[in-house]
Structures are given as C-alpha cells and as structure tokens.
Amino acid sequence: MRRFLLCSLTGLLCMAAQAQLITGVTILDGSGGPARVGSVRILDGKISETGALQPKAGEIIMEGGGLVLAPGFIDAHSHHWGYLREHPEGLPVVSQGITTIVVGQDGFSDQVDSLETWFQQQPVAVNVATFTGHSSLREEAMGATDVFRTATASELEAMKELLRDDLNKGSLGLSTGLEYEEAFYSSREEVVSLAQVAADAGGRYISHIRSEDITLEDAVEEIIRIGDLTRMPVQLTHIKIGMASKWGEAGQILERLDSARTRGIDITADIYPYDFWNSTLRVLFPKRDYDNLESAEFAVRETFNPGESYLVAFAPVTHYKGMTIEAISQERGETAAETLLALIRLAAEFQEAHPNFEGSVEAIAAKGMSEADIATFMAWEHTGICSDGNAGGHPRGYGAFPRVLARYVRDSHLLSLEEAVHKMTGLTAVNLGIAQKGFIKPGYDADLVLFDPETVQDRASIENPHALANGIKMVWVAGKLVYADQKALDARPGTLIKRTPQQNAH
Ligand SMILES: [Zn+2]
C-alpha cells in the first residue's frame, strides 16, 4: 500500500527524510522568468524535478499552500559570520530566507583555511562563501599598525603570495574596503597588482570603493579601470551616494557603469534597502582630518543628518548609545559638528586606555542617502541585493531581504516579485561565481525559501533591531529544514562554498 506522510507547514517530521515533494507552490525559479504553479522534488539535498509532479511511494509531502517557493536568498555582502560562529543556527540569516552568505567583505577576511577549521568544529545552518580581504592581507604583510601607506615591493609580493594561496583554497576573489584607513593609503597600482592575481586565478573583485561621497566619481572610475585592466568580473558593493549635494546623480553613475559594460567590462553592483548606513564615525571625514571643525561642519551639512543618525555603540559614554548626534550635542551644549569631533576624540582616548577592548568602541547608524537614488540603483538590472548586516545595531542584519519584498515589491512596485527574487538569488550567484545555487533547477542544491508575498514584512528597526520579519514561512538548506514557525531549527547543513575554476565559466 502506498503511504504518504503528510507534513503541515509546522511539521518538523519532514526534516528527517531524504525524498521530499513540496507541492502546491508558486515557483519563482531565480531566473527572473514568470512564476509557475507546481511542485518541487528534493532528493539527497538536490532539486531533482520541478513541474506538475505526482507523489511517489514513501515520499514525504509538504503542502505549500499556494505560497511562493524561491531559491534560498544569497546575501552578496554579509557580516554575519562572527555571529554564526557563536550561534550556528543563524537566526538573523535564516529568518530572512537567506541560505548563503558571502563574507570577507570591505577588505577584511578570515583565511579559507580557518573558515574550514571552524566549519569542521562547528557546523552551521547556512552556506558561507568568502572573498580574500585586501586590508587583511596588508595587516599580515605590513603589520597591523603600519598600514597607513602604500605597500613596498616586497610587501606587495608577500600579499600576492597570501592571496594566491587563499584563492587556490577556494576564495571567490579579492575584496577591498578602500574607504577604510587600513586600505585608503594604498596606491591604485597596489590594488591593480593584487586584482590581477585574483583575475589570473579565475577569481573576481568586489569593492567598497574609495569614496562614497566627495570623490565618488574617481572611486567609480577606479573600479571600472580594475575591470578593464584585469578583464575579470568586478562588483561595486553596497552602491550608494552618501553626500547630499550629489543626491539625484544615481542615473549618471549608472550611465558610466552601462558604458563600461558596453566596452566589455563585466561590472555589477549590490545594494541594501535602507537610506542610512552603519559604520564608524571616522568615515564621516573623507580627508581623515578628525580634529578639523570645518570638516565636521561639512559632514553635518553633506554626509549625514545629525537629527536622524544614532550612535549604535559608544563604549566611552554608554548612555549615548541609542541617542541621535543632535540629542547628544544638546546634552553637551555644543553644535553637532563640535560633538562629532568630541565623540571621535573620546573614542580615540578610550581605545588608547583600553587597547584590548573587545567589541565596537563606537559605531553610527547614519542617515545619509536619498530614497530616489536607492530606487534607481536597486532597479538597475545588474544590481543584486545584500544586507551588509550583522546581528548588531542596524536593522538590516535582520530585515534587509524581507524589506525588499515588502517595501520595493508589494508597496512601491519598484520591482516585480520575479525581478526581486532574481536579484536575491540567480543574479548574485552568477555575479559572484557561486555554482549550483540561486536557481530552482534539476541538479541544483535544494536551498529554498517558502514565503507569503502578501504578508512578508521586515520588522527590525533602530529601536528594535532584532525583531524577526513576518511572512518567511520555511527555509531549507541542502533539503534540510533550518527555519519554520519563526524559529531556527537544529539542522546544520551549511557548507563552505569553494570557488572552482569551472565556476567562472558564467
Ligand atoms: Zn562596506
């Protein structure tokens, strides 16, 4: 007698079995093509068939209730790894429907070797891929406190060797965070030489570019040039215009990227769906003159709004955490610019007095972008979605992907649901060279998310940054359920994704 085990949406029984059929779902396959109603069969962690499928004997059946089934989301720029190491169930990640995070961003990475060791010691719920960070290479080759200059020839050779080794072990390519002090003083030629090593190994380049404000145009030119010289795919990560007098110029930036593409340069972008960023107070000083009142006044005028920008960490004066810069300046009886200088000074003094302090001494969630630019960048056909999040103070760490589905698909209709899913899955897999993921296709990994497009909603905010999104119903990694009923489950099927030469055949 044929017997089917029936799983409800809450059924945890489904976890144990190998052959599963998810029926009655609207399939968005990650390609951007139209939705189809049907079923998806999972066998041995892979998608084996899709379409109008009949149940087979012994198969576990999951009734999808007409909800959307999509490839698990791929976070093109994530800082969740530190959290994941401590909390392998990865709630901030899986609760967004994310099944793969791409780490090693902004120039900072752990070596593939150490990631591998951690994976062996402590399996995690989701997949992880990494880039090799330029700043980490610099710290290794030049010394952690001696990076505020361009590298010497022999240091550059040492960095190349380290990079080559990490690429051979599976890193996706080179990442840079050229706006940060650890890399800001590197010459363009240093970056190009390292990028060439990544290109020679069949890798890629992803960059937090050298400026997102006063010299944004030069910084865009720098990444285009790297793509041109090395001929490898390059991605401008968390694309933004962080300077008020340049707001509205997103179209002009995209024209330059499109014109580069016309010249055969494979340049793409990713974006997170918020008009405020999260970083250090020091990045508000493009000229790195942290005691210059004029520069502080420029920052207040151009790069962030003190009334809508909050300290999300501040170790020297703990009650400043959660306050706006404006509120702090009122408490101190200063202008916002004076307060900005004071905060940086206090942080520096604290750092000096507590050199071994663990955690962030200071961090700001700063309102500094225009909604119109975000929409223009997000709608570009070559832009994928990222969170740039961790489990900290910016709500993007828990809300980015559901927010795109709620705010930019259902509420504003900036994107169709098909487009948005494509930007969260297949597009990012192709742009970053991640094979066997990002599409619902036979032979692909059974990383999947079931969600309700009518109710999906991010709930994380500055006040409550860890609130879980609604509407993400179930999440599978390699066919194992990792999230259901707003809870992370016990399965740890995540793998460390390694670039193979074939993966660059896209
Ligand atoms: Zn960044």
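Note that the structure is predicted; figures quoted are calculated from it, not measured.

**A short note on the coordination of the zinc ion**
Surrounding the zinc ion are the protein donor atoms Asp106 (OD), His208 (ND1) and His238 (NE2), at 2.0 to 2.4 Å. The sequence motif formed by the donor residues of the zinc ion is D-x101-H-x29-H. In this pair, Asp106 is assigned in the loop between strand 8 (98–103) and helix 3 (112–121) and His208 in strand 12 (residues 204–208), connecting sequence segments 102 residues apart. Of the two residues, Asp106 and His208, both sit in the buried class.

**Describing the side chain of Lys246**
Along the chain, the position of Lys246 falls in the loop between strand 13 (234–236) and helix 9 (250–262). Looking at Lys246, the relative accessible area reads 11%, which means it is buried. Side-chain polar atoms of Lys246 contact the backbone oxygen of Ile214, separated by 2.8 Å. Look past the residues within four positions of Lys246 in its chain and what remains in contact with it is Asp213, Ile214, Thr215, Leu216, Glu217, Ile241 and Asp373.

**Thoughts on the sheet that holds strand 9 (residues 127–130)**
Note on sheets: strands pair through backbone hydrogen bonds, and any given pair is parallel or antiparallel. What the three strands build is an open sheet, ordered 7-8-9; its pairing is parallel. Whereas interior strands pair on both sides, the edge strands pair on one side only; in this sheet they are strand 7 (73–75) and strand 9. Here the average twist between neighbouring strands, direction ignored, is 20 degrees. Here strand 8 runs beside strand 9; their pairing, made up of four bridges, is parallel. Of the residues in strand 9, the one forming a bridge with Val102 is Ala129.

**A word on the domain arrangement of the chain**
Segmentation of the chain into domains returns domain 1 (5–70 + 436–491), domain 2 (73–279 + 367–432) and domain 3 (280–366). Summarising the inter-unit geometry, the C-alpha centres of domain 2 and domain 3 are found 25 Å apart. Roughly 1,600 Å² of surface becomes buried between domain 2 and domain 3 when both sides are summed, with 54% attributable to carbon and sulfur atoms. It is Trp277, Ser279 and Lys367 in domain 2 that bury the most area against domain 3; as a group they hold 38% of the surface buried on that side. If you look at where domain 2 meets domain 3, you find one salt bridge. The salt bridge partner of Glu181 is Arg282, with a shortest N-O separation of 2.9 Å. In this structure, the connection of domain 2 to domain 3 is made through eleven residue pairs in polar contact (both at pLDDT 80 or more).

**Here we look at the environment of Arg332**
Relative to the elements of secondary structure, Arg332 occurs in helix 11 (residues 325–332). Owing to a relative accessible area of 28%, Arg332 belongs among the partly exposed residues under this scheme. In this structure, the C-alpha to C-alpha distance between Arg332 and Arg396, residues 64 residues apart in sequence, is 30 Å. The contact partners of Arg332, leaving out residues within four places of it in the chain, are Tyr320, Thr339, Ala342 and Leu346. Reaching out from Arg332, the side chain makes a polar contact with the side chain of Tyr320 at a distance of 3.3 Å.

**Concerning the nonpolar core**
One finds Tyr205, Leu281 and Phe451 to be the most contacted residues of the largest nonpolar core, which totals 136 residues. Setting aside residues up to four positions removed in sequence, Tyr205 forms contacts with Phe131, Leu174, Thr176, Leu178, Val191, Ala195, Ile223, Ile226, Met232, Pro233, Val234 and Gln235. Grouped together as the second largest cluster of nonpolar side chains are 21 residues, Ile22, Ile27, Val40 and Trp476 included.

**Brief notes about the sheet that holds strand 10 (residues 132–133)**
One open sheet accounts for six strands, arranged 10-11-12-13-14-18; its pairing is parallel. Every interior strand has two partners, whereas the edge strands, strand 10 and strand 18 (383–385), have only one. Note that strand 10 and strand 11 (residues 173–177) share two bridges and pair parallel. For Gly133, the partnering residue across the bridge sits in strand 11 and is Ser175.

**What to know about the packing of aromatic side chains**
Overall, the coordinates contain eleven aromatic pairs when judged by the stated rule. A ring pair is formed by Phe285 and Tyr290, whose centres lie 5.8 Å apart and whose planes are at 65 degrees; its orientation type is edge-to-face. Comparing Phe285 with Tyr290, the two get one shared label, buried. When the ring of Phe439 is compared with that of Tyr444, the centres are 5.9 Å apart and the planes differ by 80 degrees; the resulting orientation is edge-to-face. Taken individually, Phe439 and Tyr444 each receive the classification buried, so the pair is uniform in this respect. It is Arg288 that lies over the ring of Phe184; its NZ or CZ is 3.8 Å from the centre.

**Things to note about the layout of surface pockets**
By rolling a water-sized probe across the atoms, one finds the places where empty space is left. If you add up the space inside the second largest pocket, you get close to 180 Å³. As for the second largest pocket, its lining consists of Ser109, Gln111, Thr132, Gly133, Ser136, Leu137, Glu139, Glu140, Leu162, Asp165 and Asp166. Elements with a minimum of two residues in the lining of the second largest pocket: strand 10, helix 4 (134–142) and helix 5 (153–168). Ranked by residue count, the leading element in the lining of the second largest pocket is helix 4, at four residues. Counted by class, the lining of the second largest pocket contains two nonpolar, five polar and four charged residues.

Procedures and definitions
- Residues numbered from 1 in each chain as written.
- Predicted model: local features only at pLDDT ≥ 70, side-chain atom pairs only at ≥ 80, totals over all residues.
- Heavy atoms only, no water.
- Donors = N, O, S within 2.8 Å, 3.2 Å for Na, K, Ca; no water.
- Helix = DSSP H or I, 4+ residues; strand = E, 2+ residues; numbered from the N terminus.
- Buried < 20%, exposed > 50% of the residue type's maximum accessible area, 1.4 Å probe, protein only.
- Polar contact = N/O pair within 3.5 Å; in protein donor to acceptor, adjacent residues only side chain to side chain.
- Contact = heavy atoms within 4.5 Å.
- Pairing = 2+ DSSP bridges.
- Axes fitted to C-alpha atoms, helices over the stretch in contact; angles between N-to-C directions.
- Domains from an automatic or database assignment.
- Buried area = accessible area lost by both parts, 1.4 Å probe.
- Salt bridge = Lys/Arg side-chain N within 4 Å of Asp/Glu carboxyl O.
- Core = buried A, V, L, I, M, F, W, Y, C linked by side-chain atoms within 4.5 Å.
- Phe/Tyr/Trp six-rings, centres within 6.5 Å; stacked < 30°, edge-to-face > 60°.
- Lys NZ or Arg CZ within 6 Å of the ring centre and 35° of its normal.
- 1 Å grid on protein atoms, 1.4 Å probe; cavity = no way out; pocket = protein on both sides within 12 Å on 5 of 7 lines; lining within 4 Å.
- Points joined across faces, edges and corners; volume = space filled by probe spheres on them.
- Nonpolar A, V, L, I, M, F, W, Y, C, P; charged D, E, K, R; others polar.

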